[in-house]
Amino acid sequence: MSLTLRTISREQHLAYIQSLPSASHMQVPAWADVKAEWRSENLGWFDDRTGELVGAGLVLYRQLPKIKRYLAYLPEGPVINWFAPNLDDWIQPMLAHLKQQGAFSVKMGPPVIIRRWEANSIKQGIQNPDVKRLRDIEADFIEPRAFEVADKLRRMGWQQGEDGGAGFGDVQPRYVFQVPLANRSLEEVHKNFNQLWRRNIKKAEKAGVEVVQGGYQDLEEWQRLYEITAVRDHFRPRPLSYFQRMWTALNTEDPNRMRLYFARHNGVNLSAATMLIVGGHVWYSYGASDNIGREVRPSNAMQWRMLRDAYALGATVYDLRGISDSLDETDHLFGLIQFKVGTGGQAAEYLGEWDFPLNKLLHKALDIYMSRR
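Residues numbered from 1 in each chain as written. Predicted model: local features only at pLDDT ≥ 70, side-chain atom pairs only at ≥ 80, totals over all residues. Heavy atoms only, no water.

1. What to know about the layout of surface pockets
As a volume, the second largest pocket reaches approximately 940 Å³. Along the walls of the second largest pocket sit 36 residues, with S22, P111, V112, I113 and Y350 positioned nearest its centre. Where the lining of the second largest pocket is concerned, the elements lending two or more residues are β6 (113-118), β8 (175-180), β12 (281-289) and β13 (317-322). It is β13 that provides the largest number of residues to the lining of the second largest pocket, a total of 3 residues. Of the residues that constitute the lining of the second largest pocket, the class distribution is 19 nonpolar, 10 polar and 7 charged. (1 Å grid on protein atoms, 1.4 Å probe; cavity = no way out; pocket = protein on both sides within 12 Å on 5 of 7 lines; lining within 4 Å. Points joined across faces, edges and corners; volume = space filled by probe spheres on them. Helix = DSSP H or I, 4+ residues; strand = E, 2+ residues; numbered from the N terminus. Nonpolar A, V, L, I, M, F, W, Y, C, P; charged D, E, K, R; others polar.)

Next comes the structure, spelled out in structure tokens:
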């Protein structure tokens, strides 16, 4: 297939995304409005024979301090046929175009999964003292074509940073936890939860925890819980304005793109979460909880409600987003994987993020700058 790449309108881009079973929420046109501090461009790949749009990408441009050169970033994209035999014909025109736009370096995250591990395999791994990382466990599913994609990218000159193994060296997580919903009943999904999860869901029900959906006007209450979480878990919270912008941008594009949930007990909100929806893919995106009321298990109740809502929307996957690949119980991120494994889903490893230095000197300078931050 011979291809032409050119800038497309947001409308064309959105129509293309809507024609697919799903795509990353970071590749919808409105994501550019969420990331307002970046310049953006919508790219389209066209089949020369038919003139049909066959691929799309949202590019975010970040200017280097003091010079008019840019880092071009395609988070969890572009949305192309990654398993095409002629991957070169998709990628090379993109690099040429981005160079013309003043990019000195390109970063992208192919939405390609290499391996999957079932919850049971992970549980056995956690109990085995020789197992330190997910990779130490034999995968339940391997996608051989993903290795071919990695080989092709390396041959083209793409590089992959050393992420210290934890999978958080990339901007986006390399390891995620997902609950598959396609061709399964809700009973099956519930049965697959571990005992603790089922017990906690029941406990919350008995205690009278109710889970409700919120709107834009409730984002301040979301922020309150989120900032409590940030203090407890030692991370720097995003400002309220970020979530307000996210809500407005995403729900203007599609009124059902972003949702907000609260789990409350006796009228007090104890935990909250944001949910993102693109086609059949639903993400639990941000979570927050108070330091009080944990004994009534609001977080389990909320996840179960969100999962049921995702199912009702016809989702094929409920995505709990990032996990670390460390299975070491002393690791501060271990609790996260333990919580998510309880849903009985699967850990998935993506191909990770790749860099192409169009200008080696500036790329190196950026590397040094980033490592000092």
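Alright, that's what it looks like, and here's the rest.
2. Description of unusual backbone geometry
Of note, the bond from G77 into P78 is cis; its omega dihedral lies within 30 degrees of zero at 5°. Here P78 lies in the loop between β4 (70-74) and α3 (87-100). We note that N183 has phi near 55°; this positive angle belongs to a residue other than glycine. Structurally, N183 can be placed in the loop between β8 and α6 (186-192). Residue N183 is classed as exposed on the basis of its relative accessible area of 80%. (Buried < 20%, exposed > 50% of the residue type's maximum accessible area, 1.4 Å probe, protein only.)

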